Amino acid sequence: MSEASSVPVKSMDAIMSLCKRRGFIYQASEIYGGINGFWDYGPLGAQMKKNLRDAWWQDMIMRPCWGKDGPNGKPVKCVPVETRIIQHPKVWEASGHVGGFNDPMVDCRETKQRYRYDHVSVFVPASGDPGDKPLFAYMKDSPSEAKQQKKAEKAFGQVKTVTLTTIPVAQFTKVLGPDAEKVGTLTEPKQFNLMFKTYLGATATEDDKAYMRPETAQGIFVQFKNVVDTTRVKVPFGIGNTGTSFRNEVTPRNFTFRSREFEQAELEFFCHPDESPAWYAFWRDYRMAWWQSIGLTSENLILREHDKDELSHYSVGTSDVEYRFPFTAPGYGELEGIAHRGSFDLTQHQQHSGVKLEYNDTERGEVLPNGGRRGERYIPHCIEPAAGLDRGVLALICEAYTRDESRPSPEFMKFHPRIAPIKAAIFPLVAKDGMPEVAEKLQADLNARFWKLGGIEMDEKQSIGKRYARMDEAGCPYCFTVDGDTLKDQTVTCRDRDTGAQTRISIDKVGDFLAEKLGV
RNA sequence: GCGGGCGUAGCUCAGUGGUAGAGCGUCAGCCUUCCAAGCUGAACGUCGAGGGUUCGAGUCCCUUCGCCCGCUCCA
């Protein structure tokens, strides 16, 4: 994690209170005291999140990569699906989530610490029996490592490292916990399932157990064959979806960043194995550019390529688009992971389901006498750009939040026009002399043209400055003010949120002006 | 899960065991010709929840929930 940045860290408290005050984000079930790990969106937040989801859908499914060609020199092709939160339980066995999400943990009775069973290491004698002396458990790269090593070397001389999993539970009585004073305080390993469990049918027996998905991706892999068989898609192509996933986090934290219920926007892009490195690099670079295009323009956004030792055994590469949130600074938090998953997922589902998931590529293989090709059968490789929409909203809010004490309205949200929940506001300078009527008509005209994209508001209450300030906090990029001159020369003032600058434009050009700014 | 801090109006926060407060915001009216102006008025609180001590609890005690910070965890 890089720590170099000249961007000042914003106050998360101030951001959170603005989110509440202006109706972006509320605590879920707040009147009952809230519920840990769940957050609701208010009117502005819900519209903003829809704008983000729509932008993803447009730029990933409808017109992928802004219409640019992929590394194969052809336009990128993607189709959508919508799959269910609850899948066949075997889906999660095949995906590795039953297992990976069932990490056994050990607790320390003395220090009340909890450790992942397979992450605990132990210093034991390099050879021979420890006798009555303890075995020294530690967590790699924590202070306990050096401390325990010193003790172990004093006890045994030469030491070596094994993992706790290799030590019989019966021997735990001889293990000194990483930060413990007494030996034998570690409990036997226990299961902590991060997947939410539920029961199908009203009788709720263990036989009816099912899981709520911890990611949307598996639904795509499971329907891969149906999409290929029914929609005339040809590799390379992508299948995308957005939807809610659930993870029963041990410690929900950091506002909406780590929630137990969250929405993902995931694309699985299938290609020939030989072309997969090029597609991986292509998606990685596009996804970074995409987040920048919707407003994450500061150096708080980085693309981080995983080190080789962070990669799954099947993966050629993984990159994260990361954002430096106020609560992660000087570190970063993940917004999106772009993973080269190889043929891992389709292979797993082929094995577990017994259904062939090979693709017959009729554009490959030897040329036949009739000019066609024999075809090549293979399991496609997959590039997975998987974004978190709630994290995206949070990053966009943090990025947009601005304080400038020199302004009349010091606190404002600098949303990209495409993301802003309110696209424009119309004000009569004063609520008399026919100005409200002109403003109402302009509001109605703009609304008729832009209602699909977001709010077009009209406000005539209180001073013009207060109305500008209200729109600044809501992140509305443009305000149009009808004044005395409007009645004479048919022009209005266009006020820019970020600069406060005012320009006069013809009232019948306001729609075109807004369309250009919104990129429609 | 552990440790620390905090929960009072929509937001930010005062509040000595004795009548529930301020600023901002919101709403209504007046005023107002370009940046949270002014005047008048109004609404909004079971003081996070539940117990206990007390003649009396926002205040003291216990339990619990939530949020923030540090560990731990982070598929």
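Please read all numbers here as calculations on a predicted model, not as lab measurements.

Student: Just to check I follow, could you spell out the overall build of chain A for this structure?
Tutor: In terms of regular secondary structure, chain A is built from 14 helices and 27 strands. In terms of principal-axis extent, the alpha carbons of chain A reach across some 100 × 75 × 55 Å. The buried share of chain A, taken over its 520 residues, is 49%. Expressed as a percentage of contacts within chain A between residues at least 6 apart in sequence, the contacts between residues at least 24 apart total 63%. Taken as a whole, chain A presents about 25000 Å² of accessible surface, with 50% of it coming from carbon and sulfur. A gap of 1 Å separates the mean positions of the 68 positive and 72 negative side-chain charges of chain A.

Student: I would appreciate a short explanation of the pattern of salt bridges in the present structure.
Tutor: A side chain of one charge can pair with a side chain of the opposite charge if their charged atoms are brought near each other. Applying the stated criterion to the full structure yields 35 salt bridges. Taking the shortest distance from any N to any O, the salt bridge between Arg470 and Asp459 comes out at 2.8 Å. Taken together, the residues Arg470 in helix α12 (residues 464–474) and Asp459 in the loop between β24 (455–458) and α12 connect sequence positions eleven residues apart. Residue Asp459 is classed as buried on the basis of its relative accessible area, which comes to 14%.

Student: What is the right way to look at the nonpolar core in this model?
Tutor: If you look at soluble globular proteins, the nonpolar side chains tend to sit buried side by side. With 62 residues, the main nonpolar core has Phe24, Leu52, Phe269, Trp283, Trp291, Leu335 and Ile397 as its most contacted residues. In contact with Trp291, not counting residues within four places along its chain, are Leu52, Leu296, Leu301, Val321, Leu335, Glu336, Ala387, Gly388 and Gly392.

Student: Looking at this model, I keep getting lost on the side chain of Gln218. Mind explaining?
Tutor: Turning to its location among the elements, Gln218 is positioned in helix α6 (residues 217–222). Classification of Gln218 as buried rests on a relative accessible area of 0%. A polar atom in the side chain of Gln218 sits 3.4 Å from the side chain of Asp345. Not counting chain neighbours up to four residues away, the residues in contact with Gln218 comprise Val91, Trp92, Ser95, His97, Asp345 and His349.

Student: Looking at this structure, I do not really get the protein's contact with RNA strand B. What am I missing?
Tutor: The environment of RNA strand B is formed by 49 residues, the closest being Lys20, Arg247, Arg258, Pro408 and Thr493. The sugar and phosphate moieties of RNA strand B supply 59% of its atoms located within 4 Å of the protein. Measuring from a phosphate oxygen of RNA strand B, one finds a side-chain N or O atom of Lys20 at 2.4 Å. Within the backbone of Phe255, a nitrogen or oxygen atom sits 2.7 Å from a phosphate oxygen of RNA strand B. Only α1 (12–21), β5 (114–116), α12 and β26 (491–496) provide two or more residues apiece to the surface near RNA strand B. The leading source of residues in the surface near RNA strand B is α12, at seven residues. Taken together, the residues of the surface near RNA strand B sort by class into 15 nonpolar, 18 polar and 16 charged.

Student: Whenever I open this one, the sheet that holds strand β3 (residues 78–80) confuses me. Can you help?
Tutor: Pairing between the strands of a sheet is mediated by backbone hydrogen bonds and can be parallel or antiparallel. The strand order β3-β13-β14-β20-β17-β16-β15 describes an open sheet built from seven strands, whose pairing is mixed. Two strands bound the open sheet, and with one partner strand each, they are β3 and β15 (301–305). Sheet twist, expressed as the average angle between the axes of neighbouring strands with direction ignored, equals 20°. Here strand β16 (residues 318–323) pairs with strand β17 (residues 333–342) via six bridges, running antiparallel. Residue pairing across strands places Glu322 opposite Glu334, the latter belonging to β17.

Student: Sorry, what's going on with the pairing of β26 here?
Tutor: Look at any regular strand and the pattern is simple: side chains alternate between the two faces of the sheet. Counting buried positions along β26 gives five out of six residues, so the element sits mostly inside the fold. Here four bridges tie strand β25 (residues 478–482) to β26, and the two strands are oriented antiparallel to one another. Looking at the pairing, Thr481 lines up with Thr493 of β26. Pairing of β26 with strand β27 (residues 502–506) involves five bridges; the strand directions are antiparallel.

Student: Explain the layout of surface pockets to me, please; I cannot follow it from the model alone.
Tutor: The method is simple in principle: a probe with the dimensions of a water molecule rolls over the atoms, and the space it marks as empty is what remains. Here the second largest pocket is characterised by a volume of approximately 340 Å³. Forming the boundary of the second largest pocket are 16 residues, of which Asn72, Lys74, Val235, Pro236 and Glu363 lie nearest the centre. Considered class by class, the residues forming the lining of the second largest pocket number seven nonpolar, two polar and seven charged.

Student: Can you walk me through the environment of Arg374 in this structure?
Tutor: By the element assignment, Arg374 lies in the loop between β18 (359–361) and β19 (376–378). Residues Arg374 and Glu299, spaced 75 residues apart in sequence, show a C-alpha to C-alpha distance of 50 Å.

Student: What am I meant to see in the side chain of Ser409 here?
Tutor: With respect to the helices, strands and loops of the structure, Ser409 is situated in the loop between β21 (401–403) and β22 (411–413). Given the relative accessible area of 8%, Ser409 is considered buried. In this view, Ser409 contacts Ala469, Asp472 and Arg495; residues no more than four positions away in its chain are not counted.

Student: Looking at this model, I keep getting lost on the sheet that holds strand β6 (residues 120–125). Mind explaining?
Tutor: In spatial order, the strands read β8-β6-β7-β9; together these four strands make up an open sheet with mixed pairing. Of all the strands in the sheet, just β8 (159–163) and β9 (175–176) have a single pairing partner and so form its edges. Across two bridges, strand β7 (residues 135–139) lies against β9 in parallel orientation. Bridge pairing in β9 links Leu135 to Val175. Contacting β6, β7, β8 and β9, helix α5 (residues 143–156) crosses the sheet at an angle of about 165° to β7.

Student: When you look at helix α9 (residues 344–353) in this model, what are you seeing that I'm missing?
Tutor: Given 3.6 residues per helical turn, the α-helix brings residues three or four places apart onto the same face. Residues of α9 that are buried: Phe344, Asp345, Leu346, Gln348, His349 and Gln350. Positive backbone phi, at 80°, marks Gly354, one or two positions downstream of α9.

Thresholds, definitions, all that
- Residues numbered from 1 in each chain as written.
- Chains lettered and ligands numbered in written order.
- Predicted model: local features only at pLDDT ≥ 70, side-chain atom pairs only at ≥ 80, totals over all residues.
- Heavy atoms only, no water.
- Helix = DSSP H or I, 4+ residues; strand = E, 2+ residues; numbered from the N terminus.
- Buried < 20%, exposed > 50% of the residue type's maximum accessible area, 1.4 Å probe, protein only.
- Contact = heavy atoms within 4.5 Å.
- Areas by Shrake-Rupley, 256 points an atom, 1.4 Å probe, with all protein chains shown as cover.
- Lys, Arg positive; Asp, Glu negative; His and termini not counted.
- Charge placed at Lys NZ, Arg CZ, Asp CG, Glu CD.
- Salt bridge = Lys/Arg side-chain N within 4 Å of Asp/Glu carboxyl O.
- Core = buried A, V, L, I, M, F, W, Y, C linked by side-chain atoms within 4.5 Å.
- Polar contact = N/O pair within 3.5 Å; in protein donor to acceptor, adjacent residues only side chain to side chain.
- Near = heavy atom within 4 Å.
- Nonpolar A, V, L, I, M, F, W, Y, C, P; charged D, E, K, R; others polar.
- Pairing = 2+ DSSP bridges.
- Axes fitted to C-alpha atoms, helices over the stretch in contact; angles between N-to-C directions.
- 1 Å grid on protein atoms, 1.4 Å probe; cavity = no way out; pocket = protein on both sides within 12 Å on 5 of 7 lines; lining within 4 Å.
- Points joined across faces, edges and corners; volume = space filled by probe spheres on them.

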